[in-house]
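# Tertiary structure, described
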Amino acid sequence: MQTNFLSQQFNAGFLAENFTACPANATICDGTSCLLPEDTFNQTLSVVLSTVLTILLALVMFSMGCNVQIKNFLAHIKRPWGIFVGFLCQFGIMPLTAFLLSLAFNILPIQAVVVLIMGCCPGGTASNVIAYWVDGDMDLSISMTTCSTLLAMGMMPLCLFIYTKMWTDSDAIVLPYDSIGLSLVALVVPVSFGIFVNHKWPDKAKIILKVGSIVGAVLIVLIAVVGGILYKGSWVIEPKLWIIGTIFPAAGYTLGFFLARIAGLSWHRCRTVSLETGMQNTQLCSTIVQLSFTPEQLELMFTFPLIYSIFQLLFALLILGGYRLYRRHCMKTNTDVEKTAEKEDSKSSAKINGGFVSDEMK
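Just so we're clear, the structure is a prediction, and the values are computed from it rather than from any experiment.

Cut-off values and rules
- Residues numbered from 1 in each chain as written.
- Predicted model: local features only at pLDDT ≥ 70, side-chain atom pairs only at ≥ 80, totals over all residues.
- Heavy atoms only, no water.
- Helix = DSSP H or I, 4+ residues; strand = E, 2+ residues; numbered from the N terminus.
- Buried < 20%, exposed > 50% of the residue type's maximum accessible area, 1.4 Å probe, protein only.
- Contact = heavy atoms within 4.5 Å.
- Areas by Shrake-Rupley, 256 points an atom, 1.4 Å probe, with all protein chains shown as cover.
- Axes fitted to C-alpha atoms, helices over the stretch in contact; angles between N-to-C directions.
- Parallel < 35°, antiparallel > 145°, perpendicular 65-115°, else oblique.
- Left-handed = near helix turned anticlockwise from the far one by under 90°.
- Nonpolar A, V, L, I, M, F, W, Y, C, P; charged D, E, K, R; others polar.
- Polar contact = N/O pair within 3.5 Å; in protein donor to acceptor, adjacent residues only side chain to side chain.
- pLDDT = per-residue confidence, 0-100.
- UniProt positions renumbered as here; feature names shortened; annotations may be inferred.
- Salt bridge = Lys/Arg side-chain N within 4 Å of Asp/Glu carboxyl O.

This part is about the overall build of the protein chain. The helix and strand inventory of the protein chain stands at 15 helices and two strands. Expressed as a percentage of the 362 residues in the protein chain, the buried residues total 43%. Summarising the internal contacts of the protein chain: among those between residues at least 6 apart in sequence, 81% fall at separations of at least 24. Accessible surface, the protein chain: about 18900 Å² in total, of which carbon and sulfur atoms supply 68%.

Next comes the structure, spelled out in C-alpha cells:
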C-alpha cells in the first residue's frame, strides 16, 4: 500500500516537472508560462523567395531586351502612336472599367477602393514574356511597360483622386513611390543591357532570348504558386470579388485589343496592346493595399490582387494557346496572304499614325 502511494507521488512529481518544464527556445519562463520567440519562418521564406524572384525577373527582362532593336525602340519613342494608344488603355480604360464594375456589383466601399487601385496600376512585366510567345511587337511591349511605370507616378494619384471620391478620401491611400521607382529601375537596367547585347552580339542574343523566354514562363507560374502558398490564409472572400477578379482582366484584354485595332495598329501590335492592358502590376497593388489600410480592413480586400493575378495569367495562357493553334492550323496554308496583308496593314498604319514599318514586315 505504501509502495503504491510512493509510486503515485513519484509519477505526479514527474508529470508536474515535465508540465512546468520550459521549451529550450523560451526567452522568459516563470515555471507556469513561457514566452516563446515569434515564429519568423513565413517572413524569412517571403524574403528569400522575393530575393530569388527579383533576380530571376531581372534575368528574364535582360533576355527580353535581347529581342529589342535600338532603331525600332527609338522609333516608338520618337513617334509614340502605339505608346499613346497603350496609355489610353492603361490609364483610361482600366480605371473606368474598375469604377463601373464596382458600381455594377455594389461592393463595399473598401472593396471598391482595392478594385480601383488595381485598375490604376501600371502594366506588369509578365506581359513582355507573353507578348514574345504570341509574336507581339517586343519593342512596343517594353516601351509601353517602361512608360506606364514612369507615368504611374503622376497618373495613379490623378486616377485615384477622380474615381475614389465617392468611397474614400484619396489622401488616405499611400502610394509607394519608392516601389514604383524600384520597379522602373528593375525594368530599365536589365533591358538596356539586353538591347546592348543584341546590338553587339546578335547571335548570342538569340540564344539568351530562347533560354530567357522559357525561364520567364516558369517564373510567371512560380510567382502565382508562391503567392498562393504565402497567403493561403486569406482565400476566404466575398463571391462578388471573385466574379470581378474574373471579369476585370478579361475586359482589359478585350477592350485593349479593340481600341488598338480601331486606332489602326497592325495585328501583332494589337496583341501587344491587349496584353499590356490586361496584365497589371499586382505586386504593386498589394504593396499599396498593405500600406494604406488596417488589418481589419485588409481581411475584406487583401486577396483581390491575388485573384486578379491568377485570372490575368489564366486568360493570358488561353490567348497564347489560341494564337498557337491558329498559327499552326491556319497560317500554314495562308502564309503568303497573311504576310501580304500584315505588310500592307503595317505600312498603312505607319502613314496614318506616323509610325514605322518593322523589319519583319519589310
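The next subject is the packing of helix H5 (residues 109-120) against helix H10 (residues 239-262). The geometry of H5 relative to H10 is characterised by a closest axis approach of 12 Å and an angle of 15 degrees between their N-to-C directions. Viewed along their axes, H5 and H10 adopt a mutual orientation that is roughly parallel. For the element pair H5 and H10, the recorded crossing hand is right-handed. Two secondary-structure elements touch here, H5 through Gln 111, Val 115, Met 118 and Gly 119 and H10 through Leu 241, Ile 244 and Phe 248. Taken together, the residues that form the contact of H5 with H10 break down as five nonpolar, two polar and no charged.

Its location among the elements puts Thr 164 in the loop between helix H7 (138-163) and helix H8 (177-200). Overall, Thr 164 belongs to the buried group, its relative accessible area being 1%. Polar contacts involving the side chain of Thr 164 include one to the main-chain carbonyl oxygen of Leu 160, which spans 2.3 Å.

For the protein chain, the average pLDDT comes to 75, and 70% of its residues sit at 70 or higher. Here residues 35-39 is a poorly scored stretch, pLDDT under 50, and it has eight contacts once near neighbours within four places are set aside; other chains count. Across residues 346-362 the pLDDT falls below 50, and counting only partners more than four positions away or on other chains, this stretch makes 34 contacts in the model.

When you line up the elements, Asn 106 lands in the loop between helix H4 (81-105) and H5. For the pair Asn 106 and Lys 240, spaced 134 residues apart in sequence, the C-alpha to C-alpha distance is 8.8 Å.

Positive phi values are uncommon outside glycine, yet Asn 106 reaches one of about 50 degrees. When its relative accessible area of 60% is taken as the criterion, Asn 106 is described as exposed. You will see that Asp 135, though not glycine, has its phi angle at about 60 degrees, which is positive. Secondary-structure assignment places Asp 135 in the loop between helix H6 (126-133) and H7. Note on Asp 135: relative accessible area 28%, which makes it partly exposed.

Attention shifts here to the UniProt feature "transmembrane region" (unreviewed entry) in the protein chain. Under the local residue numbering, the UniProt record ascribes the feature "transmembrane region" (unreviewed entry) to residues 47-70, 82-105, 112-134, 140-163, 175-195, 207-229, 241-263 and 300-323. For residues 140-163, helix accounts for 100% and strand for 0%, while the C-alpha atoms at its two ends are 29 Å apart. Secondary structure content for residues 175-195 is 90% helix and 0% strand, while the C-alpha to C-alpha distance between its ends is 31 Å.

Using the criterion set out here, one finds two salt bridges in the structure. Linking Asp 135 and Arg 327 is a salt bridge whose minimum nitrogen-to-oxygen distance equals 2.6 Å. One end of the pair, Asp 135, is in the loop between H6 and H7; the other, Arg 327, is in helix H14 (residues 304-329), with 192 residues separating them in the sequence. In this structure, Asp 137 engages Arg 269 in a salt bridge whose closest nitrogen and oxygen atoms are separated by 3.0 Å. Remark: Arg 269 occurs in helix H11 (residues 267-278) and Asp 137 occurs in the loop between H6 and H7; sequence separation between them is 132 residues. The burial state of Asp 137 is the same as that of Arg 269; both residues are buried.

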